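Architecture and fold: a report
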Amino acid sequence: MTKQQKSEVIDFLTSEFKESQAIVVCDYKGLSHKELETLRNDARENGTKVQVAKNTLVTVAVKNAELGDIELSGTNIFLWSEDQISACKVADTFATSMKDKFEIKSGVIEGKIADLATVNAFAKLPSRDELLGMLAATWMAPLTNFTVGLDALRKKKEEEAA
């Protein structure tokens, strides 16, 4: 890579990392191209971005984005998203399906270096849409119970009249 290309990669990653709430670092050694494409497709569907980049370039980009100092070694693939949960869920799901070939190492969540346990904890949280669904169900429960009760009362009155 030329200095110009390295600079472009660093600038791109810095701008992406500034906008993201979570960056997950994973080891992908042993994955085939087809398996990597599966990961990329899953990530795209969940609003997560994926890129393989040199560790030194990513380290500089993380520092430029003012997210702290991250130590990287080995073969790494980076997943990031605008919310804290999406990238963690995609990485955790893929790590579960590819146990021997794909491993979560660490991450940066909300500007703080996160270990494997933290990334896994975020992966277990419900997504924004799931939380909104739970909230809507909770708000609808009294109305649903009221209508069921009213319908039962209507049936009882009909039986008494007949």
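Scroll up a little and you will see the structure.
Residues numbered from 1 in each chain as written. Predicted model: local features only at pLDDT ≥ 70, side-chain atom pairs only at ≥ 80, totals over all residues. Heavy atoms only, no water.

Attention shifts here to the overall build of the protein chain. Scanning the protein chain for helices and strands turns up 6 helices and 5 strands. The C-alpha atoms of the protein chain give a radius of gyration of 23 Å, which is well past the 15 Å a tight globule of 162 residues would have. When its C-alpha atoms are laid out on the principal axes, the protein chain stretches across 90 × 30 × 25 Å. Sorting the 162 residues of the protein chain into buried and exposed places 36% on the buried side. Taking the contacts inside the protein chain whose residues are at least 6 apart along the sequence as the reference set, 77% of them involve residues at least 24 apart. Element-wise, carbon and sulfur atoms account for 55% of the exposed surface of the protein chain, whose accessible area totals about 10,300 Å². In the protein chain, 21 positive and 25 negative side-chain charges are present, and the distance between their average locations comes to 2 Å. (Helix = DSSP H or I, 4+ residues; strand = E, 2+ residues; numbered from the N terminus. Rg over C-alpha atoms; globule rule 2.2 N^0.38 Å. Buried < 20%, exposed > 50% of the residue type's maximum accessible area, 1.4 Å probe, protein only. Contact = heavy atoms within 4.5 Å. Areas by Shrake-Rupley, 256 points an atom, 1.4 Å probe, with all protein chains shown as cover. Lys, Arg positive; Asp, Glu negative; His and termini not counted. Charge placed at Lys NZ, Arg CZ, Asp CG, Glu CD.)

In this section: the nonpolar core. Val-24, Cys-26, Leu-39, Ile-77, Leu-79 and Phe-102 are the most contacted members of the largest nonpolar core, which totals 25 residues. Secondary-structure elements contributing two or more residues to this core are strand S1 (22-27), helix H2 (33-45), strand S3 (76-81), helix H4 (84-97), strand S4 (103-109) and helix H5 (116-124). Broken down by element, the residue count for this core peaks at 7 residues, all from H4. With residues up to four places along the chain from it excluded, the contact list for Leu-79 reads Ala-22, Ile-23, Val-24, Cys-26, Leu-39, Thr-48, Lys-49, Val-50, Ala-87, Val-90, Ala-91 and Phe-102. Residues Ile-23, Val-25, Val-62 and Ala-65 belong to the second largest nonpolar core, which totals 18 residues. (Core = buried A, V, L, I, M, F, W, Y, C linked by side-chain atoms within 4.5 Å.)

Next up on the list: the packing of helix H1 (residues 3-19) against helix H3 (residues 55-64). Where H1 contacts H3, the axes come no closer than 8 Å and their chain directions differ by 45°. The angle between H1 and H3 places the two elements in the oblique class. In this structure, H1 crosses over H3, and the sense of that crossing is right-handed. Of the residues in H3, those in contact with Lys-6, Val-9, Ile-10, Leu-13, Thr-14, Phe-17 and Lys-18 of H1 are Leu-57, Val-58, Val-60, Ala-61, Val-62 and Asn-64. Looking at the contact of H1 with H3, its residues break down into 9 nonpolar, 2 polar and 2 charged. (Axes fitted to C-alpha atoms, helices over the stretch in contact; angles between N-to-C directions. Parallel < 35°, antiparallel > 145°, perpendicular 65-115°, else oblique. Left-handed = near helix turned anticlockwise from the far one by under 90°. Nonpolar A, V, L, I, M, F, W, Y, C, P; charged D, E, K, R; others polar.)

Next up on the list: the environment of Asp-115. Locating Asp-115 in the fold gives a position in the loop between strand S5 (112-114) and H5. Asp-115 sits in the partly exposed class, given a relative accessible area of 44%. When the C-alpha positions of Asp-115 and Val-24 are compared, they lie 9.6 Å apart, and in sequence the two are 91 residues distant.

Another aspect to go through is the pattern of salt bridges. The full count for this structure, using the stated rule, is 7 salt bridges. With its nearest N and O atoms 3.2 Å apart, the salt bridge here joins Asp-92 to Lys-124. With a gap of 32 residues between them, Asp-92 in helix H4 and Lys-124 in helix H5 connect regions that are remote in the sequence. Asp-92 sits in the buried class, given a relative accessible area of 15%. (Salt bridge = Lys/Arg side-chain N within 4 Å of Asp/Glu carboxyl O.)

Coordinates in, geometry out; function isn't part of it.
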